[in-house]
Amino acid sequence: MKTIFLLLSILNSFFLIAQEDWHIINYDNYVPYTSMKLNYLLVTGNKGSYYFNVPKGFKANPEILQKFISPIRVIVVKRSFENEIITKEFNPENSDEVFYIKENLKGLVKWEIQNEKKQILGYTCQKAISNFRGRRYVAYFSSKLPISDGPFKYFNLPGLILEVYSTDGFVKFSANSITKKHLKIDASSFEQLKPKYISYESFKFQLAQIMAEKSKKYNSKASVDADGIQSSVSFGIERIEKD
C-alpha cells in the first residue's frame, strides 16, 4: 500500500513539474486614451496557460521565463483539465490585498465567427465578434495555431487569438511575436499560497463597496460652496470588464 501511495505521489509531481513545449506569445497592450503600450506574455501549453506583464525588451529565455511564471507576477491562469480560469485583482485602495477570482472556462466568452480575414505575423487570421461583460469585441485568430487561447480572458476560438480589441477603443491587444520553448513549470507553486478563491460576482460586490466607502470618506471632507451646498463625488474605476 505504501508503494502505491509513493508511486501516485511521484506521478503527481511529474505532471505538475514535467517539462513540455510551450508557445510564448508577446502582446502589446495599448493603454486606453494614450499612445503608450505595455508588454504582456501568454505562455500556453497542453495543460493550460499563464498570462503576465513583462518589462519592455524582455528576453524570454527559458531560465528567466520560468522565474517569471510565479504567483507574484502571473495575472491570469487558465487550467484546461480543471476547466477553470483564475484571475488576480488588487484592491485599488490597498495594493497589499489581492482577490483571487475563480470561474469556469466553458462558455465564459462566446464568439460569432465571421468570413473576414487578414494577415498578422504571417498567419492568416479570421475575424470573430463577441459581447463580453459590457463591451463588444473583435478578435482575429489563426486556425494554423490550433491553440484555443489568447490574452487576458479572451479565448474559446478554434485557434490562437493574435489580435483583440473593443469597439469603444478601451481595450486592444496585438501579438508582436510567437516562439516555442521547452520549459519546466512548477504549477504547484500557485497552490502553496493557499489563496481564498471568490466568484466574479463576489469580487464585483466587494469592489463596489470599496469604491462606495472611498466616496463616503471624500464627501465627508468636501467643502461647502457659497450657497451652502456641499459638493458630492462618486468614485469608480473603468475596468476591462464593465459588467
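Residues numbered from 1 in each chain as written. Predicted model: local features only at pLDDT ≥ 70, side-chain atom pairs only at ≥ 80, totals over all residues. Heavy atoms only, no water.

Describing the nonpolar core
What counts is decided by this rule: Only buried residues count toward a nonpolar core. Its members are Ala, Val, Leu, Ile, Met, Phe, Trp, Tyr and Cys residues joined through side-chain atoms within 4.5 Å. Only protein chains enter the accessibility calculation, which uses a 1.4 Å probe; a residue whose area is less than 20% of its type maximum is buried, one above 50% is exposed, and one in between is partly exposed. The helix count covers DSSP runs of H or I at least four residues long, the strand count covers runs of E at least two residues long, and both are numbered beginning at the N terminus. The contact definition used throughout considers only heavy atoms, calling two residues in contact when any of these lie within 4.5 Å.
Trp111, Tyr154, Leu160, Ile161, Val164 and Phe173 are the most contacted members of the largest nonpolar core, which totals 35 residues. Elements with a contribution of two residues or more to this core: strand S1 (19–30), strand S2 (37–45), strand S8 (123–132), strand S9 (135–142), strand S10 (160–166) and strand S11 (172–184). Counting residues per element, this core draws most heavily on S9, at 5 residues. Residues contacting Ile161, with those up to four places away along its chain left out, are Tyr27, Trp111, Ala139, Tyr140, Phe141, Asp149, Gly150, Pro151, Tyr154 and Phe155. Membership of the second largest hydrophobic core comes to 18 residues, among which are Val43, Val54, Ile86 and Ile185.

As for the environment of Phe170
Within the secondary structure, Phe170 sits in the loop between S10 and S11. The sequence separation of Phe170 and Ile240 amounts to 70 residues, and the corresponding C-alpha distance is 7.6 Å. Dropping the residues within four chain positions of it, Phe170 is found in contact with Pro32, Tyr33, Arg135, Glu238, Arg239 and Ile240.

What about the pattern of salt bridges?
Operational definition: By salt bridge we mean one thing: a side-chain nitrogen of Lys or Arg within 4 Å of a carboxyl oxygen of Asp or Glu.
Per the stated rule, a full pass over the model turns up 15 salt bridges. Close ionic contact of Glu103 with Arg133 constitutes a salt bridge, the shortest N to O distance being 2.4 Å. Taken as a pair, Glu103 in strand S6 (residues 94–104) and Arg133 in the loop between S8 and S9 lie far apart in primary sequence, 30 residues in all. By relative accessible area, which is 8% here, Glu103 ends up buried. With its nearest N and O atoms 2.8 Å apart, the salt bridge here joins Glu163 to Lys118. One end of the pair, Glu163, is in strand S10; the other, Lys118, is in strand S7 (residues 112–120), with 45 residues separating them in the sequence. Here Glu163 falls in the buried class, since its relative accessible area comes to 10%.

Things to note about the packing of aromatic side chains
The line we're drawing: A pair of Phe, Tyr and Trp rings is counted when the ring centres sit within 6.5 Å of each other, with Trp represented by its six-membered ring. The angle between the planes then sorts it: under 30 degrees is stacked, over 60 is edge-to-face, the rest tilted.
Counted by the stated rule, this structure contains 11 aromatic pairs. Geometrically, the ring pair formed by Tyr51 and Phe173 is edge-to-face, given 6.4 Å between the ring centres and 70 degrees between the ring planes. Of this pair, Tyr51 sits in strand S3 (residues 48–54) while Phe173 sits in strand S11, placing them 122 residues apart in sequence. Taken together, a centroid distance of 6.0 Å and an interplanar angle of 55 degrees make the contact between Tyr154 and Phe173 tilted. On the criterion of sequence distance, the pair formed by Tyr154 in the loop between S9 and S10 and Phe173 in strand S11 is long-range, its members being 19 residues apart.

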